[in-house]
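The lines below spell out each chain.
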Amino acid sequence: MKGLQDQLGNLNDIATAPDMLAALELSDVAGAKDLFSADDKSKLLKEAAEAHDAFVNTRRFWR
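What comes next concerns the included structure. Quick caveat, the model's predicted, so the values are computed rather than measured. (Residues numbered from 1 in each chain as written. Predicted model: local features only at pLDDT ≥ 70, side-chain atom pairs only at ≥ 80, totals over all residues. Heavy atoms only, no water.)

Brief notes about helix 1 (residues 2–23)
Point 1. Between its first and last C-alpha atoms helix 1 spans 30 Å; for 22 residues at 1.5 Å apiece the expected length is 32 Å, and the two agree.
Point 2. Helix geometry: helix 1 is bent most strongly at Ala 17, by close to 45 degrees, with proline Pro 18 lying one to four residues after it.
Point 3. For helix 1, the complete set of buried residues consists of Leu 4, Gln 7, Leu 11, Ile 14, Ala 17 and Leu 21.
Point 4. On its buried face, helix 1 sits against helix 2 (38–56).
Point 5. In the segment just after helix 1, Glu 25 is the residue with positive phi, at about 55 degrees. (Helix = DSSP H or I, 4+ residues; strand = E, 2+ residues; numbered from the N terminus. Expected span 1.5 Å × (residues − 1). Bend = angle between axes of the 7 residues up to and from the residue. Buried < 20%, exposed > 50% of the residue type's maximum accessible area, 1.4 Å probe, protein only. Contact = heavy atoms within 4.5 Å.)

Following this line, the structure appears as structure tokens:
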């Protein structure tokens, strides 16, 4: 569950970064757009999917 939560948090960060930077008037600061590049999105989506699969395939530890 921790891995999935971490990856979902990363996706949330990348989704909210543009609005947060705009609200802080930092959108034009050098490197700001690098915080949410398309390459990062693809990588994070892949990692989130892998974390989801790992979570779904985890066996219950109780019985």
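That shown, we press on.
Observations regarding the pattern of salt bridges
A pair can form between side chains of opposite charge whenever their charged atoms are brought close.
Point 1. With the rule as written, the count across this model stands at 3 salt bridges.
Point 2. Notably, a salt bridge pairs Asp 6 with Lys 2, separated by 2.8 Å at the nearest N-O pair. On the criterion of helical spacing, the pair formed by Asp 6 and Lys 2 is a turn pair, its members being 4 residues apart in helix 1.
Point 3. The residue Glu 50 makes a salt bridge to Lys 46 at a minimum N-O spacing of 2.9 Å. (Salt bridge = Lys/Arg side-chain N within 4 Å of Asp/Glu carboxyl O.)

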